[in-house]
Amino acid sequence: MSTILAAMARVLHHRWLPAMLPLLLCLFLLSSPSQRAQAQQGAQAGVSEQALAQLASEAEDISRLHAIVVAERGEIVLEHRLDGPATDQPVNIKSLSKTVLAALVGAAIEANLIEGVDQPIVALLGPRVPEQADPRIDEITVEHLLTLQAGLERTSGNNYGAWVASDDWVANALSRPFVARPGGEMLYSTGSSHLLSAALTEASGESTLALARRLLGEPLDIVIPPWPQDPQGIYFGGNDMALSPRALIQIGELYRHDGVVNGVRILPEGWVEASWQAHGTSRWTGDGYGYGWFVTTLANERVYYGRGFGGQGLYVIPSRSLTIAITADPTPSSDGNRFNQEQLHSLVEGLLAGA
């Protein structure tokens, strides 16, 4: 069979290729069925059943995990429910919402609701910008919020409780002091993501929920239920969205297919490339961060992932045509966040190595 393929390759670009096609076809048909099947199987080789079984077994040993779903070339090859709701039921994905929100921003740009990532955030927020805010907020762009490089003091970590207890989350986030320049250090802050949700609402005249359902839910055929809102009715940007593991797979597949679904472009051309480019670096993991996605290497493969507190994860490995969604109990003890993240990485790395 290899001899036949080599002969085909040698004549591919020859000027008398048309005359050779019947002969090449005969040679292929005369090859044995076992040779043809072997060649076809090699072209389609992917994750083995043994590797998937091992992944499911290892997942059983991690407490609080609810489900793990693996899609290869767009087809679900493992759907393992450990605890909690079924894999087609929405669950709280915590800060994995930032990845989904970034996709929504891209879809809004493609729909011409936002000019682009270089647009100043104050131009979108308009009257929501407090008068006492530092003039440097004029420098903050949509991209700075997507990459968590606004420069404003974080609203996450020790500042989170006071922020969500405030009577105006948008004004509170914008009134914080600058601790870095816009576009500088990555500062993980849910307040930055929430500003994007407010910007989407102001720019479109629709709620973030309505936009998410129209621009992502409909084309991806996924259910997006309501999630919490701030005191002004802005849907929480970057936390507490509810999506099923199967819906998360569709978000990952949207990116794996460069923002196109069924031949229709949902995300702008070049959006996925920019999203998967490391604009900043996480001070906790050392991983790069793009537009709502972390960038790392596992088992010598480039891996792009979003994560949420307690063990929520969405992984895309383009080189292996894999998308992996993992959900877990969203309310573990406060020391369980990094521990769970390391365990999720270990699961994915084990699958890639075993495959």
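What counts, and at which threshold
- Residues numbered from 1 in each chain as written.
- Predicted model: local features only at pLDDT ≥ 70, side-chain atom pairs only at ≥ 80, totals over all residues.
- Heavy atoms only, no water.
- Helix = DSSP H or I, 4+ residues; strand = E, 2+ residues; numbered from the N terminus.
- Buried < 20%, exposed > 50% of the residue type's maximum accessible area, 1.4 Å probe, protein only.
- Contact = heavy atoms within 4.5 Å.
- Areas by Shrake-Rupley, 256 points an atom, 1.4 Å probe, with all protein chains shown as cover.
- Salt bridge = Lys/Arg side-chain N within 4 Å of Asp/Glu carboxyl O.
- Pairing = 2+ DSSP bridges.
- Axes fitted to C-alpha atoms, helices over the stretch in contact; angles between N-to-C directions.
- Polar contact = N/O pair within 3.5 Å; in protein donor to acceptor, adjacent residues only side chain to side chain.
- Core = buried A, V, L, I, M, F, W, Y, C linked by side-chain atoms within 4.5 Å.

A. Looking closely at the overall build of the protein. What the protein contains, in helices and strands, is 14 helices and 12 strands. Expressed as a percentage of its 355 residues, the buried residues of the protein come to 53%. Across the protein, contacts joining residues at least 24 apart in sequence account for 64% of those joining residues at least 6 apart. Carbon and sulfur atoms make up 49% of the accessible area of the protein, which totals about 16000 Å².

B. Local environment of the pattern of salt bridges. Across all of its chains, the model carries 12 salt bridges by this definition. Across the salt bridge formed by Arg73 and Glu72, the nearest N and O atoms sit 3.9 Å from each other. Given the relative accessible area of 43%, Arg73 is considered partly exposed. The class of Glu72 is buried, set by a relative accessible area of 11%. With its nearest N and O atoms 2.8 Å apart, the salt bridge here joins Glu153 to Arg176. Placement of the pair is Glu153 in the loop between helix 7 (142-146) and helix 8 (160-165) and Arg176 in the loop between helix 9 (169-174) and helix 10 (190-204), with a sequence separation of 23 residues.

C. Fine view of the sheet that holds strand 9 (residues 294-298). Strands sit in the order 2-1-12-11-10-9-8-7 across an open sheet of 8 strands; the sheet is antiparallel. Only two strands of the sheet have a single neighbouring strand rather than two, namely strand 2 (75-81) and strand 7 (280-281). The pairing of strand 11 (residues 312-317) with strand 12 (residues 322-328) spans 5 bridges and is antiparallel. Directly across from Ile317, in strand 12, lies its bridge partner Leu322. Sheet contacts for helix 12 (residues 245-256): strand 1 (65-72), strand 2, strand 11 and strand 12; angle to strand 12, the most-contacted strand, approximately 145°.

D. Region of the structure containing the environment of Ala53. Tracing the sequence through the fold places Ala53 in helix 4 (residues 49-60). With 298 residues separating them along the chain, Ala53 and Leu351 place their C-alpha atoms 9.6 Å apart.

E. Inspection of the pairing of strand 10 (residues 301-308) at higher detail. For strand 10, the tally of buried residues reaches 7 of 8 residues, placing the bulk of the element in the interior. When strand 9 meets strand 10, the two strands line up antiparallel, connected through 5 bridges. Looking at strand 10, one finds that Thr297 is bridged to Arg302. Between strand 9 and strand 10, which pair antiparallel in sequence order, lie 2 residues; one of them, Ala299, sits at a positive phi of approximately 50°.

F. Region of interest: the side chain of Gln312. Position of Gln312 among the secondary structure elements: in strand 11. Overall, the relative accessible area of 0% leaves Gln312 in the buried class. Here the side chain of Gln312 touches Ala328 through a polar contact of 3.0 Å, landing on its backbone nitrogen. Leave out the neighbours within four places in its chain, and Gln312 touches Asn92, Ile93, Lys94, Leu96, Gly306, Arg307, Ile326, Thr327, Ala328, Asp329, Pro330 and Leu344.

G. Fine view of the nonpolar core. One finds Leu146, Leu216, Ile224 and Trp271 to be the most contacted residues of the largest nonpolar core, which totals 72 residues. Counting residues per element, this core draws most heavily on helix 5 (residues 97-110), at 9 residues. Every residue in contact with Trp271, bar those within four places of it in the chain, is listed here: Ala102, Val105, Gly106, Ile109, Val117, Leu146, Tyr255 and Tyr291. Judged by nonpolar contacts, the second largest core, of 29 residues, contains Ile68, Leu78, Ile317 and Ala328.

H. View of the environment of Thr331. Among the secondary structure elements, Thr331 is positioned in the loop between strand 12 and helix 14 (337-354). Accessibility expressed as a relative area gives 58% for Thr331, which makes it exposed. Spatially, the C-alpha atom of Thr331 lies 6.3 Å from that of Gly310, the residues being 21 residues apart in sequence. Of the polar contacts made by the side chain of Thr331, one reaches the side chain of Asp329; its length is 2.8 Å.

I. How the structure looks around unusual backbone geometry. The phi dihedral of Asp240 falls on the positive side, at around 65°, and the residue is not glycine. Along the polypeptide, Asp240 turns up in the loop between helix 11 (208-220) and strand 4 (242-243). Among the residues examined, Asp240 registers a relative accessible area of 19% and is labelled buried. If you check the backbone angles, Asn262 has positive phi at about 50° while not being a glycine. For Asn262, the position within the fold is in the loop between strand 5 (260-261) and strand 6 (264-265). Of the residues examined, Asn262 reaches a relative accessible area of 76% and is grouped as exposed.

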